[in-house]
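# Fold and geometry: a report
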Amino acid sequence: MEGDPVTLVSTRELMDKAAAAGTGQGAFNIIHIETAEGLVAGAEAAGVPLILQISENCAKYHGGLEPLAAAALAIARSAAVPVALHLDHAESEDLAIAAVDLGFGSVMYDGAHLPYDGNVEVTQRVARYAHKRGVYVEAELGKVGGKDGAHAPGVRTDPGEARAFVEATGVDALAVAVGSSHAMTERSAALDLHLITRLKTAVGKPLVLHGSSGVTDDMLIAAIRAGMTKINVSTHLNGFFTRAVRGYLEANPAVVDSRKYIKAGRDALVLESARMLTLFAKANSLEPAKGLS
C-alpha cells in the first residue's frame, strides 16, 4: 500500500546509523524459516532494527542459497521494523556474487583462508561488484578463532595490517579478531578492549565482532563502547531454540506434529533476541561492570 514504511532496508543504512550513534547493531544468524520468524518477532518486540544473516554453511544445508533467501526477504518485507539481509562467512566468491544478485543488503566475503595477497585480490573483486549494485561489503583479515579456523582462538588482528587491508580492498566493514571464538557455548571470552579502540582508530570503518555468543553482556557493552558496531550472534540464540524444543518434547513425549515443538523454539528466540537487541542499542548509555570500561 502506498505510504507504508519500507522495512527491507540496506545494511548500509543500519550500520551508518549505529556507527554514528555509537551503538551496537545486532546481526543474528538464521538456520531455517522458523528462526527467521522468531528473530524478526524479537526485533519487533524490542522496536529495534535487525540484520538477518545466512551463512555459507546454512546455504549448503538447504542445498542452495535462493530458497531460504527468498523466505528471509519476504519476512523482512513484512516486518514492523527495519530488517536487512546479510550473507555471512562466504568463502566462495561465486556465492557472494549470487547473494548480491538475489537482493541481499550486504555480503561478507571471507578470504581469511587465503594468503594475504589472495585475500586482497578476491575481496577487491567482490567489493567492486557489490558496490556497483549498492551492496555493503564486510571482510575478514585473519580468521576469528574456532570453526576449523587456521588460527588458534588467541589470534589478534594487527591495526596496521587492518588499515592497509581496508584501504586496498575498499570494504565497508571489517571483522576483527579481538579475543572471541566461534561456536562457544559458554560466555567466557575475554575481549581486548584496548585493541578494539586501536583498530577503530586505525581502520576508520565499522568493526564487526564474530563469536559474540561466547561474550558476556557486560563485555559486549564494553566492546561497543570501545568501538565495535556489528555484533554477530548465532550459537547463543541456537541454544535457546534447542533447549525449548527439548523441553517441549520431554513434557510432551507423544507429540508427532513438528509445528508444536518448533513453535516452542521459535517463541524462545523472541524473548532473547529482543533482550540482546535492546542491550546493543542502549550500550552507550549503560555502564559495563567495573574493570571492563
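### So, the overall build of the protein
Within the protein, the regular secondary structure consists of 11 helices and eight strands. Counting across all 293 residues of the protein, residues that qualify as buried make up 53%. Expressed as a percentage of contacts within the protein between residues at least 6 apart in sequence, the contacts between residues at least 24 apart total 72%. Accessible area of the protein: about 12,500 Å², with a carbon and sulfur share of 53%.

### Topic: the packing of helix α7 (residues 159–169) against helix α8 (residues 193–203)
Two numbers describe how α7 lies on α8: the axes approach to 9 Å, and their chain directions differ by 35 degrees. For the element pair α7 and α8, the recorded crossing hand is right-handed. Every residue of α8 that contacts α7 at Pro159, Ala162, Arg163 and Val166 is listed here: Leu195, Arg198, Leu199, Ala202 and Val203. Looking at side-chain class alone, the contact of α7 with α8 contains seven nonpolar, no polar and two charged residues.

### As for unusual backbone geometry
The phi dihedral of His89 falls on the positive side, at around 50 degrees, and the residue is not glycine. Here His89 shows up in strand β3 (residues 83–90). His89 sits in the buried class, given a relative accessible area of 13%.

### Some remarks on the sheet that holds strand β6 (residues 173–175)
With parallel pairing, eight strands are arranged side by side around a closed barrel as β1-β2-β3-β4-β5-β6-β7-β8. The average undirected angle you get between the axes of adjacent strands in this sheet is 25 degrees. The sheet contact formed by β6 and strand β7 (residues 207–209) spans two bridges and is parallel. From the neighbouring strand, Leu174 faces β7, where its bridge partner is Leu207. Strands in contact with helix α2 (residues 33–46) are β1 (25–29), β2 (50–55) and β3; relative to β2, the strand with the most contacts, it is inclined by about 165 degrees.

### Some details on the pattern of salt bridges
Across all of its chains, the model carries 11 salt bridges by this definition. Salt-bridge contacts for Arg125 lead to Glu93; the nearest nitrogen and oxygen are separated by 2.8 Å. Placement of Arg125 in helix α6 (residues 116–132) and of Glu93 in helix α5 (residues 93–102) is noted, with a sequence separation of 32 residues between them. Owing to a relative accessible area of 31%, Arg125 belongs among the partly exposed residues under this scheme. Residue classification places Glu93 among the partly exposed residues on the basis of a relative accessible area of 24%.

### Considering the side chain of Thr169
You can see Thr169 is positioned in helix α7. Setting aside anything within four residues of it in sequence, one finds Thr169 in contact with Val120, Thr123, Gln124 and Ala127.

### Structural notes on the pairing of strand β8 (residues 228–233)
Burial within β8 is extensive, with six of its six residues counted as buried. As defined by bridge partners, β1 adjoins β8 across four bridges and the pair is classed as parallel. When the sheet's bridge partners are listed, Ala27 is paired in β8 with Asn232. In this sheet, β8 lies alongside β7 in parallel orientation, the contact comprising three bridges. Counterpart to Val208 in the pairing with β8 is Lys230.

### Thoughts on α7
All of the buried residues in α7 are Pro159, Ala162, Phe165, Val166 and Thr169. Projected onto a plane normal to the axis of α7, the buried residues spread over an arc of 125 degrees and lie on a single side. Where α7 begins, the capping side chain belongs to Asp158, and its oxygen is found 3.1 Å from the backbone nitrogen of Gly160. Gly170 sits one or two positions beyond α7 and adopts a positive phi of about 75 degrees.

Quick notes on the rules
Residues numbered from 1 in each chain as written. Predicted model: local features only at pLDDT ≥ 70, side-chain atom pairs only at ≥ 80, totals over all residues. Heavy atoms only, no water. Helix = DSSP H or I, 4+ residues; strand = E, 2+ residues; numbered from the N terminus. Buried < 20%, exposed > 50% of the residue type's maximum accessible area, 1.4 Å probe, protein only. Contact = heavy atoms within 4.5 Å. Areas by Shrake-Rupley, 256 points an atom, 1.4 Å probe, with all protein chains shown as cover. Axes fitted to C-alpha atoms, helices over the stretch in contact; angles between N-to-C directions. Left-handed = near helix turned anticlockwise from the far one by under 90°. Nonpolar A, V, L, I, M, F, W, Y, C, P; charged D, E, K, R; others polar. Pairing = 2+ DSSP bridges. Salt bridge = Lys/Arg side-chain N within 4 Å of Asp/Glu carboxyl O. Arc of directions from axis to C-beta. Polar contact = N/O pair within 3.5 Å; in protein donor to acceptor, adjacent residues only side chain to side chain.

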